[in-house]
Amino acid sequence: MPERAIETGGHGRRGNGGPGGGPLKRIGLAEVYNPSMTPTLRPGDRLVVKYGSAVRPGAVVVLRHPFQHDLLIVKRAVERRPGGWWVVGDNPHVRNDSREFGVVPDDLVVARAWLRLRPSGEGQRSFWPAVRWAFSAVRPLVALRVRPGSSSLSSRLRAR
């Protein structure tokens, strides 16, 4: 089952937020549903995304699936190739990425993820678990350095 993200805010099209739109129209939320970006993102995480933002290697991006344009997916942009971006998930066991569908054209890249918002646990009623959650709930998604030609970023993450 492919990784899925649902846009819950913003306008979802590149180029919005121009002179008459204001910068906040370029910011939105997306929700992660499947485990293709585990361990970086888990199902239920929300992403603060910026539409039309420059993509660089290692960045987490929201894009339209090349074969199903109504499906949004979350992947890591690994490298620039002729025709677009090579994107992979951080989870090596899920292959719904460029290894399956090839290079993704630039016009299918919808947004770049800036922050991960982790949902609170259902049973967090006591003080210290709530404090621990608060410190881990919001994390910036920085672009990781990716070696050209590497097919999986997760092996690098586990090796540390």
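Note that the structure is a prediction, hence the values are computed from the model and not measured.

Q: Would you explain the side chain of Arg 112 in this entry?
A: Assignment of secondary structure puts Arg 112 in strand β7 (residues 109-117). Salt bridges are absent for the buried Arg 112, whose nearest opposite-charge side chain, Asp 106, sits at 13 Å. In this structure the side chain of Arg 112 is engaged in a polar contact, spanning 3.3 Å, whose partner is the backbone oxygen of Ala 54. Here Arg 112 is in contact with Val 48, Val 49, Lys 50, Ser 53, Ala 54, Arg 56, Ala 59, Val 60, Val 61 and Ala 143, once residues within four sequence places are set aside.

Q: Please explain the packing of aromatic side chains as it appears in this structure.
A: With the rule as written, the count across this model stands at 2 aromatic pairs. Ring geometry for Phe 67 versus Phe 101: centroids 6.3 Å apart, planes at 85 degrees, classification edge-to-face. Remark: Phe 101 occurs in helix α1 (residues 98-101) and Phe 67 occurs in the loop between β4 (60-64) and β5 (72-81); sequence separation between them is 34 residues. Accessibility expressed as a relative area gives 8% for Phe 101, which makes it buried. Aromatic pair Phe 127 and Trp 128: ring centres 4.9 Å apart, planes at 75 degrees, arrangement edge-to-face. On the basis of relative accessible area, Phe 127 is assigned to the exposed category, the value being 57%. Between the NZ or CZ atom of Arg 81 and the centre of the ring of Trp 86, over which it lies, the distance is 4.0 Å. One residue, Arg 112, lies across the ring of Trp 114, its end atom 4.6 Å from the ring centre.

Q: I tried to follow the pattern of salt bridges on my own but got confused; where do I start?
A: As a working rule, side chains carrying opposite charge can pair if their charged atoms are close by. What the rule picks out here adds up to 6 salt bridges. The partner of Arg 81 in a salt bridge is Glu 79, with the nearest N and O atoms 2.7 Å apart. The class of Arg 81 is partly exposed, set by a relative accessible area of 28%. By relative accessible area, Glu 79 is classed as buried at 16%.

Q: When you look at unusual backbone geometry in this model, what are you seeing that I'm missing?
A: For residues other than glycine, phi is negative in most cases, and the peptide bonds are mostly trans. That bond from Thr 38 to Pro 39 is cis: its omega, 15 degrees, falls within 30 degrees of zero. Considering the arrangement of structural elements, one finds Pro 39 in the loop between β2 (27-32) and β3 (46-51).

Q: Mind showing me how you'd approach the pairing of strand β6 (residues 84-88) here?
A: Each regular strand displays side chains that alternate between the two surfaces of the sheet. The element β6 is extensively covered by neighbouring structure, given that 5 of its 5 residues are classed as buried. When β5 meets β6, the two strands line up antiparallel, connected through 5 bridges. Within β6, the position partnered with Glu 79 by the bridge is Trp 86. Linking two consecutive strands that pair antiparallel, namely β5 and β6, is a turn of 2 residues; a positive phi of about 100 degrees is found at Gly 83 within it.

Q: Help me understand the environment of Pro 39, please; the structure alone is not making it clear to me.
A: In this structure Pro 39 comes out as partly exposed when scored by relative accessible area, which is 47%. Considered as a pair, Pro 39 and Gly 89 are 50 residues apart in the sequence and their alpha carbons are 9.9 Å apart.

Q: Just checking my understanding: could you explain the environment of Pro 43 for this structure?
A: With respect to the helices, strands and loops of the structure, Pro 43 is situated in the loop between β2 and β3. Classification of Pro 43 as partly exposed rests on a relative accessible area of 44%. Taking the C-alpha atoms as reference, Pro 43 lies 8.0 Å from Glu 31; in sequence the two are 12 residues apart. Beyond its immediate stretch of four places on either side in the chain, Pro 43 contacts Val 32, Tyr 33, Asn 34 and Pro 35.

About the criteria used
- Residues numbered from 1 in each chain as written.
- Predicted model: local features only at pLDDT ≥ 70, side-chain atom pairs only at ≥ 80, totals over all residues.
- Heavy atoms only, no water.
- Helix = DSSP H or I, 4+ residues; strand = E, 2+ residues; numbered from the N terminus.
- Buried < 20%, exposed > 50% of the residue type's maximum accessible area, 1.4 Å probe, protein only.
- Lys, Arg positive; Asp, Glu negative; His and termini not counted.
- Salt bridge = Lys/Arg side-chain N within 4 Å of Asp/Glu carboxyl O.
- Polar contact = N/O pair within 3.5 Å; in protein donor to acceptor, adjacent residues only side chain to side chain.
- Contact = heavy atoms within 4.5 Å.
- Phe/Tyr/Trp six-rings, centres within 6.5 Å; stacked < 30°, edge-to-face > 60°.
- Lys NZ or Arg CZ within 6 Å of the ring centre and 35° of its normal.
- Pairing = 2+ DSSP bridges.

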